[in-house]
Amino acid sequence: MSNIAEGVPAWLKITVFFLILAILALFTDLFTFVVGTLIMIGVFASGYNKEHLHEH
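Just so it is clear, the structure is predicted and the values come from calculations on it, not from any experiment.

Chemist: Break down helix α2 (residues 10-27) for me, citing the residues and quoting the values.
Modeler: Two residues of an α-helix separated by three or four positions point the same way, owing to the 3.6 residues in each turn. For α2, built from 18 residues, the straight-helix expectation of 26 Å at 1.5 Å per residue is met to within 8% by its first-to-last C-alpha distance of 26 Å. F17, L21 and L24 are the residues of α2 that are buried. For α2, the buried positions fall inside an angular range of 60° around the axis, keeping them on one side. Projecting away from the buried face of α2 at angles above 90 degrees are the exposed residues W11, L19, L26 and F27.

Laid out in structure tokens, this is it:
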């Protein structure tokens, strides 16, 4: 799985993040939007940390 994440460009990751965020904002209630956003931030941050682990 990490090999796949390394091949994805940063602009695509950001685009997917905002696309999911827009879907949550438009089609869910406030509670689901807040919880979903927090979970999404955790998932994307974890992927960022794994990708840049060698820099620390």
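Chemist: Give a description of the packing of aromatic side chains that names residues and reports values.
Modeler: Under the definition given, this model contains two aromatic pairs. Note on F17 and F18: the rings are 5.5 Å apart at their centroids and 80° apart in plane angle, and the pair reads as edge-to-face. Using a relative accessible area of 19% as the deciding quantity, one classes F17 as buried. Each ring, one from F17 and one from F44, has its centre 5.2 Å from the other, and the planes form 80°; the classification is edge-to-face. Of this pair, F17 sits in helix α2 while F44 is found in helix α3 (residues 30-51), placing the two residues 27 residues apart along the sequence. On the basis of relative accessibility, which here comes to 28%, the residue F44 falls in the partly exposed class. Through successive ring pairs, a cluster of aromatic residues spans F17, F18 and F44.

Chemist: An account of a nonpolar patch on the surface is needed here, citing residue identities and associated values.
Modeler: Side chains of W11, L12, V16 and I20 sit close together on the surface and give an oily, nonpolar patch of about 360 Å² of accessible area. As for its position among the elements, V16 is in helix α2. Judged by its relative accessible area of 34%, V16 falls in the partly exposed class.

About the criteria used
Residues numbered from 1 in each chain as written. Predicted model: local features only at pLDDT ≥ 70, side-chain atom pairs only at ≥ 80, totals over all residues. Heavy atoms only, no water. Helix = DSSP H or I, 4+ residues; strand = E, 2+ residues; numbered from the N terminus. Expected span 1.5 Å × (residues − 1). Buried < 20%, exposed > 50% of the residue type's maximum accessible area, 1.4 Å probe, protein only. Arc of directions from axis to C-beta. Phe/Tyr/Trp six-rings, centres within 6.5 Å; stacked < 30°, edge-to-face > 60°. Patch = residues over 30% accessible without salt bridge, like charges linked within 9 Å, V, L, I, M, F, W, Y side chains within 5 Å. Areas by Shrake-Rupley, 256 points an atom, 1.4 Å probe, with all protein chains shown as cover. Salt bridge = Lys/Arg side-chain N within 4 Å of Asp/Glu carboxyl O.

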